[in-house]
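Residues per chain are reported as follows:
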Amino acid sequence: MEPECGLALSARKVEYIKFIFETGGTVRTTMIATAFSVDPSTITKTLAELAAGGYIRHVPYHGVCLTETGERHAEFLIKRHRILSLMLVRNGLLPEEACREASQFESLVSKKAVDRICHFMGHPRQGICGEITHDNDCLEREEGASS
Ligand SMILES: [Zn+2]
Ligand SMILES: [Zn+2]
């Protein structure tokens with residue numbers, strides 16, 4: 001399954017996937033619970049849904065890690081965050097405000113919209129919290145193109 005539209009995951013799942021990606025390798029469930037101050041039982045349920053969706057897999061006795069699909073999707077999630085937060089900074093927000101605000105609504109912005117915004121902004125290389133990468137999806141997109 002390929003979450004092409006970019007809207008398949010809730011805000012919370014987006015944050016978990018970004019966290020696992022940025023932590024790298026196999027991440028303990030308790031570490032995720034601590035980082036997000038949530039009950040381990042809630043985490044277990046959400047992680048089971050992410051595993052069912054093919055984004056992560058359980059590593060017995062060690063925690064969870066991203067699948068190939070999960071990693072590819074994480075790259076998109078991070079790019080989306082950096083494009084949207086940079087957009088907010090260019091419109092007057094402070095960097096830390098922009099990061100926080102973007103995290104609150106980014107899960108509702110489609111991949112298509114992110115690619116269009118990236119194109120419109122001239123494919124910026126540096127976001128406020130890291131580098132931004134570009135691929136054929138945003139580079140080849142003509143303004144106003146459908147599909
Ligand atoms: Zn940020
Ligand atoms: Zn781009």
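Just so it is clear, the model here is predicted, and its values are computed rather than measured. (Residues numbered from 1 in each chain as written. Chains lettered and ligands numbered in written order. Predicted model: local features only at pLDDT ≥ 70, side-chain atom pairs only at ≥ 80, totals over all residues.)

Q: Explain the environment of glutamine 104 to me, please; I cannot follow it from the model alone.
A: Looking at where glutamine 104 falls in the secondary structure, it is placed in helix α5 (residues 95–105). Overall, glutamine 104 belongs to the exposed group, with 9 C-beta atoms counted inside 10 Å. Taking the C-alpha atoms as reference, glutamine 104 lies 7.2 Å from alanine 11; in sequence the two are 93 residues apart. (Helix = DSSP H or I, 4+ residues; strand = E, 2+ residues; numbered from the N terminus. Buried ≥ 20, exposed ≤ 12 C-beta atoms within 10 Å, placed from the backbone.)

Q: Looking at this structure, I do not really get the nonpolar core. What am I missing?
A: Burial of nonpolar side chains together is a common tendency in soluble globular proteins. Core analysis: the biggest nonpolar cluster contains 15 residues, and Ile17, Ile20 and Ile56 have the highest contact counts within it. Ranked by the residues each element gives to this core, the list is headed by helix α1 (residues 11–23), at four residues. Look past the residues within four positions of isoleucine 17 in its chain and what remains in contact with it is Tyr55, Gly70, His73, Ala74 and Leu77. Membership of the second largest hydrophobic core comes to eight residues, among which are Leu84, Ala102, Val114 and Cys118. (Core = buried A, V, L, I, M, F, W, Y, C linked by C-beta atoms within 7 Å. Contact = placed C-beta atoms within 7 Å.)

Q: Even after reading the chapter, I still don't get the domain arrangement of the chain, so can you show me in this structure?
A: How large an interface is tends to be reported as the accessible area lost when its parts come together. Segmentation of the chain into domains returns domain 1 (11–66) and domain 2 (72–139). The gap between the C-alpha centroids of domain 1 and domain 2 is 23 Å. Taken together, the contact between domain 1 and domain 2 spans eight residues of the former and seven residues of the latter. Examining the composition of the side of domain 1 that touches domain 2, we find that six residues originate from one element, α1, more than from any other. (Domains from an automatic or database assignment.)

Q: Can you walk me through the pairing of strand β2 (residues 63–66) in this structure?
A: Remember that side chains alternate between the two faces of the sheet whenever the strand is regular. Residues Val64 and Leu66 line the buried face of β2, whereas the alternating positions Gly63 and Cys65 sit on a face that is not buried. As consecutive antiparallel partners, strand β1 (residues 56–59) and β2 are separated by three residues, and within that stretch tyrosine 61 has a phi angle of approximately 65 degrees, a positive value. (Pairing = 2+ DSSP bridges.)

Q: I'm lost on the packing of helix α4 (residues 68–89) against helix α6 (residues 111–120) in this one. Help?
A: Packed helix pairs are specified by the crossing angle of their axes together with the interaxial distance, meaning the distance between the axes. Contact pair α4 / α6: the axes reach a minimum separation of 10 Å and the direction vectors enclose 50 degrees. The orientation of α4 relative to α6 falls into the category oblique. Crossing geometry of α4 relative to α6 is assigned as left-handed. Touching Phe76, Lys79, Arg80, Ile83 and Met87 of α4 are Lys111, Val114, Ile117 and Cys118, all from α6. In terms of residue class, the contact of α4 with α6 is built from six nonpolar, no polar and three charged. (Axes fitted to C-alpha atoms, helices over the stretch in contact; angles between N-to-C directions. Parallel < 35°, antiparallel > 145°, perpendicular 65-115°, else oblique. Left-handed = near helix turned anticlockwise from the far one by under 90°. Nonpolar A, V, L, I, M, F, W, Y, C, P; charged D, E, K, R; others polar.)

Q: Got a minute to help me understand unusual backbone geometry in this structure?
A: Glycine aside, residues mostly have negative phi angles, and peptide bonds mostly take the trans form. If you check the backbone angles, serine 37 has positive phi at about 50 degrees while not being a glycine. Looking at where serine 37 falls in the secondary structure, it is placed in the loop between α2 (29–35) and α3 (40–52). For histidine 123, which is not glycine, the phi torsion reads 50 degrees and is therefore positive. Relative to the helices and strands, histidine 123 is located in the loop between α6 and β3 (126–127).

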